[in-house]
Structure formats: C-alpha cells, structure tokens
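One-letter residues, chain by chain:
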Amino acid sequence: MKKMTIRARLTLVYGGMLLAGGLLVLGITYLLFSQRLGNQLFIGNRVNGGEPPGFTPGTSGETMVNEIQGEVTNSARQALFAQGGIALAVVVIIGLAFSWLIAGRLLQPLHRVTETARRIAGAPDRGLHERIALEGPYDEVKELADTFDLMIARLDKSFDVQRRFIANASHELRTPLTLNRTLLEVTTDAADASPELRQLGQTLLAVNARHERLIDGLLLLARSERAVADRSYVDLADVVAHVAAQVPAGAVQVSTVAEEAPATGNAVLLERLVHNLVENGVRHNLPSGGWVRVESGTRPDGVFVSVSNTGPLVPRYDIPELFEPFRRHGPERSASAGAGLGLSIVRAVALAHGGKVFADPRDGGGLTVTVILPTASQSSENPT
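Treat the numbers as computed from the prediction; the structure is a model and nothing was measured.

**Here's the deal with the pattern of salt bridges**
Moving on, step 1. Counted by the stated rule, this structure contains seven salt bridges.
Moving on, step 2. Arg131 is paired through a salt bridge with Asp156; the nearest N and O atoms lie 3.9 Å apart. You can see Arg131 sitting in the loop between α2 (60-122) and α3 (140-188) and its partner Asp156 sitting in helix α3, a full 25 residues away along the chain.
Moving on, step 3. The exposure class of Asp156 is buried, given its relative accessible area of 16%.
Moving on, step 4. Two residues, Asp360 and Arg316, come together in a salt bridge whose shortest N-O distance is 3.5 Å. Of this pair, Asp360 sits in strand β6 (residues 356-361) while Arg316 sits in the loop between β5 (302-309) and α7 (319-322); the two residues are 44 residues apart in sequence, bridging distant segments of the chain.
Moving on, step 5. Look at Arg316 and you get exposed, because its relative accessible area is 54%.

Quick look at the structure:
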C-alpha cells in the first residue's frame with residue numbers, strides 16, 4: 001500500500017482544521033440566531049403597541065399564533081442549516097484546493113533536495129560535484145539544503161584525495177618495480193648464471209609481474225571511476241572480436257557471437273572491460289579446460305556484452321563480493337590468480353559509461369556476466 005505523502009497529509013490537516021472551525025462558527029451562529037428569533041419574531045407585527053389580528057389571550061387565536069411562530073422558527077432554522085452547510089462545503093473545498101497549492105509550494109525546496117540526492121546517487125561518477133545551492137530565506141529547509149551541500153563537498157574532497165593518493169602511489173611504485181624487473185632479467189640472462197639462480201629469478205619475475213598488474217589495475221580503477229567526458233563511437237562487436245582473437249590457443253575454447261552493438265565511450269576502457277571479462281572466464285577454467293562464450297548485441301534497454309564460462313560452482317550469495325576490489329572466489333591466491341581487480345574494474349568502467357553490470361551463476365558451474373550500456377543514440381540524448 002502506497003504511503004500518503006506529506007503534501008496530502010498537510011492538505012488533510014488544513015482541511016480538517018477549516019472544517020472544524022466552520023462547524024464551530026455555524027453552531028454558534030445557530031444558537032445566536034435561535035435566541036434572537038424567539039425574542040424578536042413578532043416585534044414587526046406590533047404597530048403602535050397593538051396585537052396581531054385575531055390575537056386574544058387564552059383563546060384559540062393564541063394557539064394559532066404559537067403554531068405560526070413555531071413554523072417560522074423551524075423554517076428559519078432549516079434555511080440557516082441548509083444555506084450555512086452549502087456555504088461551509090464550498091469554503092472547505094476551496095480551502096482544500098488552496099491548502100494543496102500552499103503545501104506544494106512549501107515542500108518544493110524539499111523536492112529539490114530529493115531530486116538532487118537522487119541524481120547524485122545515480123550518477124556514474126557519484127555526481128559529488130553537484131550542489132543544491134538553495135536560495136531564499138534562511139529557514140529550516142535552507143538549513144537542511146546547506147548541510148547537505150556541506151556533506152557532499154566533504155565527500156567529494158575525500159574521494160578526490162583517495163583517487164589522487166592511489167594514482168600517485170601507483171606511479172611511485174612503478175619505477176622500483178620496473179627497475180627490479182630489469183635487474184632480474186639481466187641476472188637470469190647472464191651466461192654464468194646457475195640453474196638455481198635462473199629458477200629463483202623466474203620466480204621473482206613472476207611475483208614482480210603480479211605486482212605490476214596490481215598497480216596497473218589500481219591506476220585503471222582510479223581512472224575509470226570518473227565519468228567519461230570525451231566519447232567516441234565504439235561498436236562493441238569489434239571490441240569483442242578483437243579481444244577474443246588475442247586469447248592464446250590452449251585448453252580453453254573461446255567462441256564469439258559478435259552482433260552489432262553501437263555505443264559511445266572511451267575505446268581503451270571498453271576494450272579493457274571486455275578483456276577483463278574474457279580473462280576472468282579463461283582463468284577460472286584453468287587448468288582443467290572448458291569453454292568461454294562472448295556475445296554482443298542490442299536489447300530494449302541498450303547494448304550488451306555477455307561472457308559465459310564453465311568453471312567451479314559459484315554460490316549466488318558470493319556474487320556481490322566478486323565485484324569488490326581484491327576479492328576472489330575460492331582459495332586461489334597464487335601469482336597466476338590475478339590481483340582481484342578484474343570485475344571491480346569492469347563495474348567501474350560500466351558505471352563511468354552510464355551502464356550497469358550483473359552476474360548470474362550457471363547451473364553446471366561458472367558465471368554469466370552481462371554488461372549493459374546505453375546505445376549511441378541514448379548517449380547523445382543523455383550525455384554524462
């Protein structure tokens with residue numbers, strides 16, 4: 001059952017108060033009118049102190065006068081009730097209409113606060129740059145709007161500091177890792193290197209490569225959490241075909257159904273989105289083999305890329321955690337297991353393009369991950 005809005009409740013309160021006041025006024029008027037009518041009914045019939053025609057005290061004439069007086073009194077009271085009730089009903093109806101308009105006028109700033117909060121919550125880049133900036137007298141509503149603006153400003157600053165820290169720290173860490181990789185490659189390629197030294201060098205190179213992938217993923221995640229400003233036409237079918245062709249031949253069979261899926265966005269980020277989905281599907285099929293199917297196309301709510309793969313069973317309650325950074329399903333923690341940023345980057349890229357992503361477990365094991373993005377025409381009509 002839909003709850004009654006504040007505007008409707010205020011209208012009913014105002015209307016009820018108006019109705020109660022009108023009934024009170026009508027009742028007081030009725031009492032005063034009845035009293036006045038009883039005292040003054042026949043004053044107009046008395047001319048120079050005479051009695052009404054046919055009036056003789058103690059006779060049937062007096063009875064007739066009393067009956068006439070009673071009829072006139074009842075008629076006047078009924079007329080008062082009828083006309084007063086009609087007038088009261090008209091006043092209440094007009095009062096309800098004005099109450100509805102006034103309540104809507106008073107609540108308009110609150111609607112603006114709600115709409116702004118809804119836009120911020122639904123914005124792909126969190127929309128924290130937007131402010132309510134409510135104008136008008138400083139009352140309770142403006143105090144609420146200013147407090148909301150202050151909260152959003154602090155959140156915006158906090159997220160910016162976090163993104164800058166991740167980007168700066170990742171850049172600073174890339175230099176020593178690159179130096180370590182160079183030294184290890186030189187050491188392992190030396191002619192006089194022993195087999196034990198080469199084995200140790202290869203292990204350290206694998207660990208170093210995993211750290212480089214982690215840093216690259218953090219940089220990409222920090223970049224993709226912002227809305228895409230510079231957009232270009234991208235056909236996701238071309239991206240799917242390109243990424244699938246780069247998968248090395250091996251135990252995992254990769255098939256594609258690349259139908260036209262026109263979108264707009266950053267081609268590099270969209271390619272990384274598809275690459276992460278395919279890489280995630282391939283990784284969860286190793287070393288036992290299996291298959292990965294990549295599809296693209298259009299649907300009523302936009303264009304889509306869907307990647308299905310075989311693999312271990314994934315409980316449905318574990319799926320939300322897979323899209324969080326550094327979360328991986330199962331006990332995989334080796335260097336080949338990835339940094340745990342694949343699906344979180346997919347979600348960040350999808351949100352930055354105004355899209356959404358969801359995953360469903362397959363009955364036989366594995367996942368089906370689907371990304372839905374606005375079409376090229378929808379993006380042009382509703383730019384981010």
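Now, onward.
**Re α3**
Moving on, step 1. Between its first and last C-alpha, α3 extends 71 Å over 49 residues, near the 72 Å set by a 1.5 Å rise per residue.
Moving on, step 2. At the N-terminal end of α3, a side-chain oxygen is found 3.4 Å from the backbone nitrogen of Val141, two or three residues along, and the residue is Asp139.

**A short note on a nonpolar patch on the surface**
Moving on, step 1. Among the surface-exposed residues, Val13, Tyr14, Met17, Ile86, Val90, Ile94, Phe98, Trp100, Leu101, Ile102 and Leu106 lie close enough to one another that they form a single nonpolar patch of about 1100 Å² accessible area.
Moving on, step 2. Sorting the residues of the nonpolar patch by element identifies α1 (6-40) and α2 as the ones contributing at least two each.
Moving on, step 3. Looking at the nonpolar patch, the element that brings in the most residues is α2, giving eight residues.
Moving on, step 4. You can see Ile102 is positioned in helix α2.

**A closer look at the sheet that holds β6**
Moving on, step 1. Spatially, five strands are ordered β2-β4-β5-β7-β6 in an open sheet, and the strand pairing comes out mixed. Looking along the sheet, the strands with just one partner apiece sit at the ends: β2 (252-258) and β6. Across the sheet, the axes of successive neighbouring strands diverge by a mean angle of 15°, strand direction being ignored.
Moving on, step 2. In terms of strand pairing, β5 meets strand β7 (residues 367-373) through six bridges, oriented antiparallel. From the neighbouring strand, Val305 faces β7, where its bridge partner is Val371.
Moving on, step 3. The strands touched by helix α6 (residues 267-283) within the sheet are β2, β4 (290-299), β5 and β7, with β5 carrying the most contacts at an inclination of about 20°.

**Structural notes on the packing of helix α5 (residues 236-245) against α6**
Moving on, step 1. Put simply, α5 and α6 touch, their axes get as near as 9 Å, and they point 50° apart. As summarised for this structure, α5 and α6 are arranged oblique, according to the angle between their axes. Crossing of α5 over α6 shows right-handed handedness. Between α5, through Leu236, Val239, Val240, His242 and Val243, and α6, the contact on the second element is made entirely by Leu270, Glu271, Val274, His275 and Val278.
Moving on, step 2. In terms of residue class, the contact of α5 with α6 is made up of seven nonpolar, two polar and one charged.

**Some details on the environment of Thr370**
Moving on, step 1. As for its placement among the helices and strands, Thr370 is situated in strand β7.
Moving on, step 2. The class for Thr370 is buried, based on a relative accessible area of 9%.
Moving on, step 3. Between the C-alpha atoms of Thr370 and Phe358, which are 12 residues apart in sequence, the distance is 5.6 Å.
Moving on, step 4. In contact with Thr370, other than residues within four places in its own chain, are Arg299, Phe304, Val305, Ser306, Lys356, Val357 and Phe358.

**Things to note about the nonpolar core**
Moving on, step 1. Ranked by internal contacts, the top residues of the largest apolar core, which has 36 residues, are Leu236, Leu273, Val274, Leu277 and Val371.
Moving on, step 2. Broken down by secondary-structure element, the contributors of at least two residues to this core are α5, α6, β4, β5, α7, α8 (342-352), β6 and β7.
Moving on, step 3. Counting residues per element, this core draws most heavily on α6, at seven residues.
Moving on, step 4. With residues up to four places along the chain from it excluded, the contact list for Leu277 reads Val305, Val307, Leu343, Val346, Val369 and Val371.

The rules we used
- Residues numbered from 1 in each chain as written.
- Predicted model: local features only at pLDDT ≥ 70, side-chain atom pairs only at ≥ 80, totals over all residues.
- Heavy atoms only, no water.
- Salt bridge = Lys/Arg side-chain N within 4 Å of Asp/Glu carboxyl O.
- Helix = DSSP H or I, 4+ residues; strand = E, 2+ residues; numbered from the N terminus.
- Buried < 20%, exposed > 50% of the residue type's maximum accessible area, 1.4 Å probe, protein only.
- Expected span 1.5 Å × (residues − 1).
- Polar contact = N/O pair within 3.5 Å; in protein donor to acceptor, adjacent residues only side chain to side chain.
- Patch = residues over 30% accessible without salt bridge, like charges linked within 9 Å, V, L, I, M, F, W, Y side chains within 5 Å.
- Areas by Shrake-Rupley, 256 points an atom, 1.4 Å probe, with all protein chains shown as cover.
- Pairing = 2+ DSSP bridges.
- Axes fitted to C-alpha atoms, helices over the stretch in contact; angles between N-to-C directions.
- Contact = heavy atoms within 4.5 Å.
- Parallel < 35°, antiparallel > 145°, perpendicular 65-115°, else oblique.
- Left-handed = near helix turned anticlockwise from the far one by under 90°.
- Nonpolar A, V, L, I, M, F, W, Y, C, P; charged D, E, K, R; others polar.
- Core = buried A, V, L, I, M, F, W, Y, C linked by side-chain atoms within 4.5 Å.

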